[in-house]
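So the chains spell out like this:
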Amino acid sequence: MVWDILASGSGKCRAASADRGVRSARVALLAVVVALVPLRAMAFPLGGDQTVLPAGTEFSEEALARPREIFHSEAMGGRKSYLVNLGDLAFNSPSILGGKARQAEMSCGTCHVNGASNPKLFVPGASSRPGTFDTTSLVFNAKTFNSILDPVRIPSLRGARFLAPYGHDGRMTSLRDFVYNVIVNEFSGPRPRDEVLDGLVAYINDIDFLPNPKIAPGGRLAAQASLPERRGEALFFKPFPKQAELSCAGCHIPAGTFNDQLRHDVGSGGLVKTPTLLNANFNAPYFHDGRYDSYEQVVDHFDRVFDLELSTQDTQDLVAYLNAVGDGERPFDKDGVLLRMKEVLELSSVLEVAIPAADTAVVSLAVTGVGAELRELTEHIPDIRNTSVGGKDERLAARAILKDLVLTLRRIDLEVGAGRIDEAMAEYRKFAQLVNFDVPVALKKAEPWSLFNSNVHQSHYTALGRILPVTSQQPQ
């Protein structure tokens, strides 16, 4: 397929569905974005009348890279199943949530971008600091409101199949029950169909940890480890001076996934689940409530609470060890049109099963979700009225062919709804032909003048930042 030939590298990269939270603002302003002197791009907040969420909400939608997502099924030489793709689709669809979250076009993928975390997410009234979120706040579900602001850190879902029980306090042993609770009880969503719920669980369970060559089999450091890392590893296994039955390795068991699947009181406010240390370099902030930004602060906390008598060198060595264990290969992928089209191809593949089965609910979910991805991709290609960038003909052609894809999806939905399955399959074959061949070529030609180009991207968001100023400040 053409997109396979043109793409460099592999991986999957999607914009979080929350990126569409300012769609109306972006569409209206694309035409007035002008070329500016390159400046360091600021975080772009949601504010004013562009969202139903509080002014100052931040979804980190200006990011040019996304967390890399590795699927176990593909890593083992296979391919993602229908259920995994269905779960992926639902995970990034606001339609499975309810109330204000759906109105704001939030999805599970808003907080867990590509199945990882979102360290920049901030919602006034539901976050104490970026990267935290309170699912019992009045912002999203009045029925769960507990009258206090008690947000928890947004966790990565990498390796979730190894990390039961679920929730920061380990309150649920079943991932399926946990996902159901988040959708229905925390975000006021309708009860998901069993197949969709199964798909969400299959998708989450298929997300692997990033490979880390610094860790050898059995969880010990590999041969190339530095001297400070090895000293840190020794301290990690060393019994606590005042409580010899305890050690870091006693809870973060290296032979497993650096957690013991139990709950402990570590002086942070009650019993909390032991988090994994794998890929933790990319999971800040730390602790269940996200109170710490760095490993140094975490080590200082344990030194203070458990009287570990650590020297400055000890702290540095433990931090070196944690950085080695928490590392991972290629944590991010550069966003681009080909990775976006790979995502479209994977998500739309559920139609191969749903159309012949006349499953109108799944077809509608796919049409809505994939259509939203295509419209967002269109917004990354400036309208031809924007004369500050070149490639007018290329941009026009790319936007036109993306519009054709969206219209084809709508026809599929109508045909299935009317019971015309053969006609719907014909439209799907047309859609697949475009996605595999014509569209990648057109988009690749337009990419130099799109928001995937760092200079165009920076100018665009600098202009939006001036037109839509920050209306509230986040706590530091």
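See above for the structure.
Keep in mind it's a predicted model, so treat the numbers as computed, not measured.

Undergrad: Teacher, can you tell me more about the packing of helix α16 (residues 392–417) against helix α17 (residues 421–446) here?
TA: Any two packed helices are characterised by how steeply their axes cross, that is the angle between the axes, and by the distance between the axes. Two elements in contact, α16 and α17, have axes whose closest approach is 9 Å; the angle formed by their N-to-C orientations is 165°. It follows that α16 is roughly antiparallel to α17 by the angle criterion. The element α16 and its partner α17 pack so that their crossing is left-handed.

Undergrad: Any chance you could explain helix α11 (residues 295–306) here in plain terms?
TA: Think of an α-helix as turning once every 3.6 residues; residues three or four places apart then point the same way. For α11, which comprises 12 residues, the first-to-last C-alpha distance of 16 Å matches the rise-based estimate of 16 Å (1.5 Å per residue) to within 8%. Inspection of α11 places Y295, V298, V299, H301, D303 and F306 among the buried residues, and these make up the whole buried set. Where α11 is buried, its residues contact β6 (263–265) and α12 (312–325).

Undergrad: So what exactly am I meant to see when it comes to the state of the cysteines here?
TA: Each disulfide is one covalent bond, formed between the sulfur atoms of two cysteines. Applying the stated criterion across every chain, the model contains 0 disulfides. Here C108 is not cross-linked by a disulfide; its sulfur's nearest cysteine counterpart is in C111, at 8.4 Å. C248 provides the cysteine sulfur closest to C251, a residue in no disulfide bond, and the two sulfurs are 8.6 Å apart.

Undergrad: Teacher, can you tell me more about the environment of D177 here?
TA: On the secondary structure map, D177 appears in helix α7 (residues 175–186). Residues D177 and Y166 lie 11 residues apart in sequence; the distance between their C-alpha atoms is 9.3 Å.

Undergrad: Where do I start with the packing of aromatic side chains in this structure?
TA: Two aromatic rings are characterised by how far apart their centres lie and by the angle between their planes. For the structure on display, the rule yields 15 aromatic pairs. Ring centres of F71 and Y203 lie 6.0 Å apart, and the angle between their planes is 50°; this geometry places the pair in the tilted category. One end of the pair, F71, is in the loop between β3 (65–67) and α3 (72–75); the other, Y203, is in helix α8 (residues 194–205), and 132 residues separate them in sequence. The interplanar angle of 65° and the centroid separation of 5.9 Å between the aromatic rings of F287 and F302 together place this pair among those described as edge-to-face. Here F302 lies in helix α11 and F287 lies in the loop between β7 (271–273) and α11, a separation of 15 residues in the sequence. A relative accessible area of 14% places F287 in the buried class. Using a relative accessible area of 21% as the deciding quantity, one classes F302 as partly exposed. Following the ring pairs from residue to residue traces out a cluster consisting of F240, F287, Y292, F302 and F306. The side chain of K80 reaches across the aromatic face of F71, ending 4.2 Å from its centre. For R220, the ring lying beneath its charged end belongs to F237, and the centroid distance is 4.3 Å.

Undergrad: What's the story with helix α9 (residues 227–237) in this structure? I'm lost.
TA: Those residues of α9 that sit buried are E229, G232, E233, L235 and F236. End-on, the buried residues of α9 take up no more than an arc of 160°, which puts them together on one face. Residues of α9 that are buried in the fold lie against α10 (248–251) and α12.

Undergrad: How do you make sense of the pattern of salt bridges when you look at a structure like this?
TA: Side chains that carry opposite charge are capable of pairing whenever their charged atoms lie near each other. Counted under the stated rule, the structure contains 27 salt bridges. Between R171 and E186 there is a salt bridge whose closest N-O contact spans 3.1 Å. One end of the pair, R171, is in the loop between β5 (152–153) and α7; the other, E186, is in helix α7, and 15 residues separate them in sequence. Assessed through its relative accessible area of 39%, R171 is described here as partly exposed. The exposure class of E186 is buried, given its relative accessible area of 9%. R220 is the salt-bridge partner of E233, the closest N and O atoms lying 3.0 Å from each other.

Cut-offs and rules
- Residues numbered from 1 in each chain as written.
- Predicted model: local features only at pLDDT ≥ 70, side-chain atom pairs only at ≥ 80, totals over all residues.
- Heavy atoms only, no water.
- Axes fitted to C-alpha atoms, helices over the stretch in contact; angles between N-to-C directions.
- Helix = DSSP H or I, 4+ residues; strand = E, 2+ residues; numbered from the N terminus.
- Parallel < 35°, antiparallel > 145°, perpendicular 65-115°, else oblique.
- Left-handed = near helix turned anticlockwise from the far one by under 90°.
- Expected span 1.5 Å × (residues − 1).
- Buried < 20%, exposed > 50% of the residue type's maximum accessible area, 1.4 Å probe, protein only.
- Contact = heavy atoms within 4.5 Å.
- Disulfide = S-S within 2.5 Å.
- Phe/Tyr/Trp six-rings, centres within 6.5 Å; stacked < 30°, edge-to-face > 60°.
- Lys NZ or Arg CZ within 6 Å of the ring centre and 35° of its normal.
- Arc of directions from axis to C-beta.
- Salt bridge = Lys/Arg side-chain N within 4 Å of Asp/Glu carboxyl O.

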